[in-house]
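Residue-level structure breakdown
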Amino acid sequence: MISLENVAYTYGGGELLSDVSLRLAPGSFHFLTGPSGSGKSTFLKLCYAELLPTSGHVTLFDREVRSLDRDEVARMRRRVGVVHQDCQFLDHLPLAANVSLPLTVSNREVSGEDLGDLLGWVGLKHLADALPPSLSGGERQRAALARAIIMGPDVILADEPTGNLDWDLSLRLLTLLVELNRMGKTIVIATHDLNLIRQAKAQVAARVLRIKARRIQLAGADL
Ligand SMILES: Nc1ncnc2c1ncn2[C@@H]1O[C@H](COP(=O)(O)OP(=O)(O)OP(=O)(O)O)[C@@H](O)[C@H]1O
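Residues numbered from 1 in each chain as written. Predicted model: local features only at pLDDT ≥ 70, side-chain atom pairs only at ≥ 80, totals over all residues. Heavy atoms only, no water.

Details of the packing of helix H6 (residues 137-149) against helix H7 (residues 167-182)
Packing of H6 against H7 brings their axes to within 10 Å, and their N-to-C directions diverge by 15°. It follows that H6 is roughly parallel to H7 by the angle criterion. Regarding H6 and H7, the two cross each other, and that crossing is right-handed. For the pair H6 and H7, contact is made by Gly138, Gln141, Arg142, Leu145 and Ile149 and by Leu169, Arg172, Leu173, Leu176, Leu177 and Leu180, respectively. Within the contact of H6 with H7, the residues separate by chemical class into 7 nonpolar, 2 polar and 2 charged. (Axes fitted to C-alpha atoms, helices over the stretch in contact; angles between N-to-C directions. Helix = DSSP H or I, 4+ residues; strand = E, 2+ residues; numbered from the N terminus. Parallel < 35°, antiparallel > 145°, perpendicular 65-115°, else oblique. Left-handed = near helix turned anticlockwise from the far one by under 90°. Contact = heavy atoms within 4.5 Å. Nonpolar A, V, L, I, M, F, W, Y, C, P; charged D, E, K, R; others polar.)

Laid out in structure tokens, this is it:
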């Protein structure tokens, strides 16, 4: 689904990620952890072709990302839902319009029933008409998740999705991601929160990747 082969990345200084080789298999569930600044967000950006590797190869749905033109990158991106660390919304548009924005900008029909079902699933149906500035942190994160999956992606990449949430809300978001995985979606969550990882491992066969000394390794049972 997504694979990296001998990937290195540098923003111009020293190498941030070196010699990264791994494959995110369809339907897998991965956590990515590592100290602040170790390159977790950068890794996710490499996975959805927001960044191209400085060396090595990234393959997205069987296509090497360097061989893709802009339209092809856009098509591939529709298959990857991203929940960003600081979820941004258009503050003048109601929540429902924000969530359905990816469909609107790609000129696709928005079915009121499907949108209602999706908002209901993330527990935000009652806030469909609310403006983003009035939402709590947990509501924003769930809205960001709904927006990330509205195009029906195969893969969901979430960057510190529970970063600003209390434990109960973090668990609620985790449950949604586990449900998505049970529906067959491939999930990658970058997080500092080892308790969240422990909790998830009780629910799902998650693998834990750790960035250490610029490399990504599979963490053992020491979490
Ligand atoms: N656009 C950029 N230009 C230059 N340096 C950058 C850029 N983006 C990130 N960096 C640097 O690359 C390093 C890794 O950043 P990244 O955001 O990938 O780390 P992270 O592990 O996600 O961090 P955190 O856990 O704090 O979110 C940091 O030192 C950061 O300052």
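Anyway, onward from the coordinates.
Focus: H6
Helix length check: H6, at 13 residues, gives a terminal C-alpha distance of 19 Å against a target of 18 Å (1.5 Å per residue), a fit within 8%. Most of H6 is tucked away: 11 of the 13 residues are buried. Taken residue by residue, H6 has Gly138, Glu139, Gln141, Arg142, Ala143, Ala144, Leu145, Ala146, Arg147, Ala148 and Ile149 as its buried positions. Of the surrounding secondary structure, the elements contacted by the buried residues of H6 are strand E6 (80-83), helix H3 (95-99), helix H4 (101-105), helix H5 (112-121), strand E7 (155-159) and H7. (Expected span 1.5 Å × (residues − 1). Buried < 20%, exposed > 50% of the residue type's maximum accessible area, 1.4 Å probe, protein only.)

With respect to the side chain of threonine 191
When you line up the elements, threonine 191 lands in the loop between strand E8 (186-190) and helix H8 (194-201). Discounting residues that sit within four places of it in the chain, threonine 191 has contacts with Phe31, Leu32, Thr33, Glu160, Thr162, Leu196 and Ile197.

Some words on the site of the ligand
In the region of the ligand, the neighbouring residues are Tyr11, Leu16, Pro35, Ser36, Gly37, Ser38, Gly39, Lys40, Ser41, Thr42, Gln85 and His192. The separation between an oxygen atom of the ligand and a polar side-chain atom of serine 36 is 2.6 Å. One of the backbone N or O atoms of glycine 37 is found 2.9 Å from an oxygen atom in the ligand. Across the complex, the protein chains shield 56% of the 630 Å² of accessible surface that the ligand would expose by itself. Counted by class, the shell around the ligand contains 3 nonpolar, 8 polar and 1 charged residues. (Near = heavy atom within 4 Å. Polar contact = N/O pair within 3.5 Å; in protein donor to acceptor, adjacent residues only side chain to side chain. Areas by Shrake-Rupley, 256 points an atom, 1.4 Å probe, with all protein chains shown as cover.)

Here we look at the environment of isoleucine 211
Relative to the helices and strands, isoleucine 211 resides in strand E9 (residues 206-212). In this structure isoleucine 211 comes out as buried when scored by relative accessible area, which is 4%. Ignoring any residue separated from it by four or fewer positions in sequence, one finds isoleucine 211 in contact with Leu17, Leu32, Thr33, Gly34, Pro35, Ser38, Gly39, Lys40 and Ile216.

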